[in-house]
Amino acid sequence: MVEYNMYKESRENMKLKKSVKNAIRKTVGITLIGVSIFFGYKAIKELETEKHFTTVSNDVQKIATNEETNGKDVVRNDYMDRKIDFIALQERNADTYSWLTVPNTPIDYPVMKEPVPDQYFYLTHDFNKNYYIGGSLFIANVPEDMHTIIFGHKMFSNTDTIWSNTEAIAFSSLTRYQDQAYGTANPDLYMYYPDRTEHWTLWAMINGDAYDNVYNTPYMAESLEYQNLLTELKSKADYTLGDDPKTNDKITVLSTCKSVEGNTERIQLIYKLVKN
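Residues numbered from 1 in each chain as written. Predicted model: local features only at pLDDT ≥ 70, side-chain atom pairs only at ≥ 80, totals over all residues. Heavy atoms only, no water.

(A) Expanded view of the pairing of strand β6 (residues 196-209). Across 6 bridges, the pairing between strand β5 (residues 188-193) and β6 is antiparallel. From the neighbouring strand, Tyr192 faces β6, where its bridge partner is Thr197. Between β5 and β6, which pair antiparallel and follow one another directly, the connecting turn spans 2 residues. Alignment of β6 against strand β9 (residues 265-273), held across 9 bridges, turns out to be antiparallel. Across the sheet, residue Gly208 finds its bridge partner in β9, namely Arg266. Here β6 runs beside strand β7 (residues 239-240); their pairing, made up of 2 bridges, is antiparallel. Counterpart to Met205 in the pairing with β7 is Tyr239. (Pairing = 2+ DSSP bridges. Helix = DSSP H or I, 4+ residues; strand = E, 2+ residues; numbered from the N terminus.)

Quick look at the structure:
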């Protein structure tokens, strides 16, 4: 009887182990399917996002410059003499504020100005005012002061993926500037307006936060508040290049998310005007 009971218990244990193994196999299988679906969905969304941005960008570039970059890095030898057709751009969208070009990056896009204070329409809309998760480059509708902040999304991965070139979207390529050697070799920025072209040079790269004082306004020329801001920016900088701006020097800030997880970390590139 004892031997029979031991045999019975052994058989039951074998059945239990087999059942556990089957359950594990099913769980692993379901998990792998889930992971495959997730990455497949991610791949599709990346491709859709890139395709939309590239299509709209090429269309706008043809209107403004009769050229297309197709998401490639911009390399030219005539930045200061380049002509942007603002009449055509503003006929298409009156919210067009300027045109931003950052050499040796894909950034060659219009900058929109929000039409209504405290609203951020272009955070989720393209140049044609259609809903688009990648949004547009834009500035807020705030009184003009000593610093201009241009906002843009960072989309998905830091670099090219196996599916698409997400660096081409909005400000995704700003992550390159976390490498000081890259920033030193590529400090230039060109801002085009209907009546002028401005050449700016990189002063500081900051891994900052959405609640930093740089996002406050207004900062007036030669004010103590503006001096304190410049001092704070220098103290927070991962690196700086060249001479520090003075309180009568304007700055331009390119701001984007450091990651895509929805936290408040921001990459902030601070530029100062090159005086010819």
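(B) Quick peek at the environment of Tyr131. Inspection of the secondary structure assignment puts Tyr131 in the loop between β2 (108-113) and β3 (137-139). When its relative accessible area of 58% is taken as the criterion, Tyr131 is described as exposed. Along the primary structure Tyr131 and Phe121 are separated by 10 residues, whereas in three dimensions their C-alpha atoms are 9.2 Å apart. Beyond its immediate stretch of four places on either side in the chain, Tyr131 contacts Thr124 and His125. (Buried < 20%, exposed > 50% of the residue type's maximum accessible area, 1.4 Å probe, protein only. Contact = heavy atoms within 4.5 Å.)

(C) Representation of the packing of aromatic side chains within the structure. According to the stated counting rule, one finds 8 aromatic pairs in the structure shown. For the pair Phe121 and Tyr122, a centre-to-centre distance of 5.0 Å together with 90° between the ring planes defines the contact as edge-to-face. Note on Phe121: relative accessible area 30%, which makes it partly exposed. Here Tyr122 falls in the buried class, since its relative accessible area comes to 0%. Measuring from ring centre to ring centre gives 5.4 Å for Phe138 and Phe151, while their planes differ by 25°; the resulting arrangement is stacked. One end of the pair, Phe138, is in strand β3; the other, Phe151, is in strand β4 (residues 147-151), and 13 residues separate them in sequence. On the accessibility criterion, Phe138 (3% relative accessible area) is buried. Phe151 gets classed as partly exposed once you look at its relative accessible area, which sits at 22%. By the ring-pair criterion, three or more aromatic residues cluster together here, those being Tyr120, Phe138, Phe151 and Tyr215. Over the face of the ring belonging to Tyr193 we find Arg196, whose NZ or CZ atom lies 3.9 Å from the ring centre. (Phe/Tyr/Trp six-rings, centres within 6.5 Å; stacked < 30°, edge-to-face > 60°. Lys NZ or Arg CZ within 6 Å of the ring centre and 35° of its normal.)

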